[in-house]
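Listed here are the chains, written in short residue letters.
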Amino acid sequence: MKQISTSIFRNGLIGSALLLAATGVAATPSMQARFEVARSYESVIRKSSASFRKSVAPFREASAPVMRPSWERMFLYEDGDWTPMGKVTYTYDAEGREICSVLDEGAYVATCSTRYDEYGNRAETIQTVGSGEETINFARRTYEYDPVVHDYCVNRMGYDWGGDEWVPNYFCETNQVTRDEAGNITSIIKSLPYSATDKLVEAYKSVWGYDAATGQADTYAYYMNMTGSTPNWELYLDTEYRDIKWAQTNGQLTGELMDMIQGDNRFTQATVYYQDKPDGYVFIDYPEGQATGYKIRMTTNDPEEVGMTQALEEIIESGGEKRIIYTKTEYFDDETGEISSDFTYRMIEEVELDKYGNLVRDEIFEQYGGEEKELVAGQIVTNTYDEDSNLVTVVSKMYQYDEDTESGAYVEDMCIEYGDYINVALSGVQGAIAGQGALCIKGAVVSGDGRLEVYAIDGRRMAETIGSMDLSKLPKGVYIVRGAAGVVKVRN
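Residues numbered from 1 in each chain as written. Predicted model: local features only at pLDDT ≥ 70, side-chain atom pairs only at ≥ 80, totals over all residues. Heavy atoms only, no water.

1. Some remarks on the environment of Pro231
Here comes step 1: In this structure, Pro231 sits in the loop between strand 13 (217-225) and strand 14 (233-248).
Here comes step 2: A C-alpha to C-alpha distance of 8.3 Å links Pro231 and Val201, two positions 30 residues apart in sequence. (Helix = DSSP H or I, 4+ residues; strand = E, 2+ residues; numbered from the N terminus.)

2. Notes on a negative patch on the surface
Here comes step 1: Among the surface-exposed residues, Asp402, Glu403, Asp404 and Glu406 lie close enough to one another that they form a single negatively charged patch.
Here comes step 2: When you line up the elements, Asp402 lands in strand 26 (residues 391-402). (Patch = residues over 30% accessible without salt bridge, like charges linked within 9 Å, V, L, I, M, F, W, Y side chains within 5 Å. Areas by Shrake-Rupley, 256 points an atom, 1.4 Å probe, with all protein chains shown as cover. Salt bridge = Lys/Arg side-chain N within 4 Å of Asp/Glu carboxyl O. Lys, Arg positive; Asp, Glu negative; His and termini not counted. Charge placed at Lys NZ, Arg CZ, Asp CG, Glu CD.)

3. Details of the packing of aromatic side chains
Here comes step 1: The full count for this structure, using the stated rule, is 14 aromatic pairs.
Here comes step 2: Here the aromatic rings of Tyr222 and Tyr236 are separated by 5.8 Å at their centres, their planes lie at 85°, and the arrangement is edge-to-face. With a gap of 14 residues between them, Tyr222 in strand 13 and Tyr236 in strand 14 connect regions that are remote in the sequence.
Here comes step 3: Measuring from ring centre to ring centre gives 5.5 Å for Tyr399 and Tyr410, while their planes differ by 65°; the resulting arrangement is edge-to-face. Of this pair, Tyr399 sits in strand 26 while Tyr410 sits in strand 27 (residues 407-423), placing them 11 residues apart in sequence.
Here comes step 4: Ring pairs connect the aromatic residues Trp208, Tyr220, Tyr241, Trp246 and Phe267, which therefore count as one cluster.
Here comes step 5: Lys87 extends its terminal NZ or CZ atom over the ring of Trp71, reaching a point 5.0 Å from the ring centre.
Here comes step 6: The positively charged end of Arg266 is found above the aromatic ring belonging to Tyr286, 4.5 Å away from the centroid. (Phe/Tyr/Trp six-rings, centres within 6.5 Å; stacked < 30°, edge-to-face > 60°. Lys NZ or Arg CZ within 6 Å of the ring centre and 35° of its normal.)

4. Quick notes on the side chain of Thr239
Here comes step 1: Within the element layout of this structure, Thr239 appears in strand 14.
Here comes step 2: On the basis of relative accessible area, Thr239 is assigned to the buried category, the value being 4%. (Buried < 20%, exposed > 50% of the residue type's maximum accessible area, 1.4 Å probe, protein only.)

5. With respect to the confidence of the model for the chain
Here comes step 1: Overall, the predicted model of the chain reaches an average pLDDT of 80, with 78% of residues at or above 70.
Here comes step 2: Throughout residues 427-438 the model reports pLDDT below 50, and contacts reaching past four residues in sequence, or to other chains, amount to 49 contacts. (pLDDT = per-residue confidence, 0-100. Contact = heavy atoms within 4.5 Å.)

6. A look at the environment of Asp388
Here comes step 1: Within the secondary structure, Asp388 sits in the loop between strand 25 (374-385) and strand 26.
Here comes step 2: Counting along the chain gives 321 residues from Asp388 to Met67, while the straight-line C-alpha distance between them is 9.6 Å.

7. Here's the deal with the environment of Trp71
Here comes step 1: By secondary structure assignment, the location of Trp71 is in strand 2 (residues 67-78).
Here comes step 2: At a separation of 3.0 Å, a polar atom in the side chain of Trp71 contacts the side chain of Asp420. (Polar contact = N/O pair within 3.5 Å; in protein donor to acceptor, adjacent residues only side chain to side chain.)

8. Observations regarding the nonpolar core
Here comes step 1: Trp208, Ile244, Trp246, Leu257, Phe267, Ile284 and Tyr294 are the most contacted members of the largest nonpolar core, which totals 44 residues.
Here comes step 2: Of all hydrophobic cores here, the second largest spans 8 residues; its members include Val454, Leu471, Val481 and Val490. (Core = buried A, V, L, I, M, F, W, Y, C linked by side-chain atoms within 4.5 Å.)

9. Notes on the pairing of strand 14
Along any regular strand the residues' side chains alternate between the sheet's two faces.
Here comes step 1: When strand 13 meets strand 14, the two strands line up antiparallel, connected through 6 bridges. Its bridge partner lying in strand 14, Ala221 is registered against Glu240.
Here comes step 2: For strand 14 and strand 16 (residues 265-274), the ladder comprises 7 bridges, and the chain directions are antiparallel. Across the sheet, the residue bridging to Lys245 is Gln269, located in strand 16. (Pairing = 2+ DSSP bridges.)

10. Topic: unusual backbone geometry
Here comes step 1: With a phi angle near 50°, Gln275 is a residue other than glycine that sits in the positive phi range.
Here comes step 2: Mapped onto the secondary structure, Gln275 falls in the loop between strand 16 and strand 17 (277-285).
Here comes step 3: The backbone phi angle of Glu406 is positive, close to 55°, even though this residue is not glycine.
Here comes step 4: Structurally, the position occupied by Glu406 is in the loop between strand 26 and strand 27.
Here comes step 5: With relative accessibility at 61%, the residue Glu406 sits in the exposed group.

11. Overview of the pattern of salt bridges
Here comes step 1: Counted according to the given criterion, the structure contains 14 salt bridges.
Here comes step 2: Between Glu173 and Lys190 there is a salt bridge; the shortest N-O distance is 2.9 Å. Note that Glu173 is positioned in strand 10 (residues 173-179) and Lys190 in strand 11 (residues 185-193), a separation of 17 residues in sequence. Taken as a pair, Glu173 and Lys190 share a single burial class, namely buried.
Here comes step 3: Across the salt bridge formed by Glu317 and Arg323, the nearest N and O atoms sit 3.3 Å from each other.
Here comes step 4: By relative accessible area, Glu317 is classed as partly exposed at 33%.
Here comes step 5: A relative accessible area of 31% means that Arg323 is categorised as partly exposed.
Here comes step 6: When salt bridges that share partners are traced, they join Glu350, Glu352, Arg361 and Glu363 into one network.

Now the structure itself:
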């Protein structure tokens, strides 16, 4: 074994970036901390695979008709029996996007209304609690997106209801994007709430440099503001990346370097610099002709001396079922600071999806050196469908380990029922509750069974009637209409 000091293994910058990039949290600076992250029940595949994120919707995607459940009921397994946790009713737009959900737990009722932008991104959510005249505002979130990368959020604001106005909370975040004359992203500054002030302060900064000849990014650095007020930028872990090469890129680099392993931006290699000196390499191979999958090799200054590998493989079976396998292998010994020819630690996550793209199995295994592979976390799901292939029940079991017996087993955890599927494409906006008619919108007229109540977006009740209402008589704006069959949001 050879003694090394390579920063990508010692600091764990690369490995933890894959796990944490989705949350915007800085990479963990110690190898042991990164091990602990990997050993917790955090799905690397769910965070890193775009294809998986798109496929885990709880119901089948369809062009026409667009079938969605009117309601769902959730149960938790407690003391040998299934305990009901409440019922949620839904309203959708014609694209099948949820625009309103109402959670009814008897004594507690909570409503969440959602508005989308022209690209289908969530633009605003408003949560209320209570029903009828007892309804009060609870929370509000707004989202604004980049004009070029339409699904990249640049302004996210969160508010709590303060009794007479919305009060900003910890959920607020901005991402200031700077581009060069060619339209490439050169930097992103993330601002977050600072406890000592009532405003957002610049917290993190990603900086990309571009090669004049190729027009592609060839350097990357990540900085942190160490003061909490006036920016005092320090290079994170004294580590940066240079000589970056790409399989493909469009210059719209909205994430960290290790995010650039799928989609329109996939890099193939980079040189790691620690304290301004070469300190190792990153090499990435992609399967030919496939949009997903990769194999990452992290080496010392000797490209043949591998300290860590990460691989993602996607396998589609003949019946449409899918298997996704993520493997991380360590050759670096954190205690001795040496690299071994044999692996010292391996973590494997295996995910199975049924032919409709719904989760069936997600298990994480660990293996140390020459020891046997051991299951450390997992979830097994049984999905039931109706004759039209709509999902009607999801029953999940979670793996639990007993330290006393030094063994583990799967135990019942949760059950979700979906019911009364409707084709939301028929009338534009629709919602229903079992045994009742749907709230429907045609132009500016809202109709439904029983009493209709109309609320302004700030929670003020504007009107009420029986049966149907013409909203064109109200001032222009966005309204929430509540009826016996559910709730819809309408723009007049």
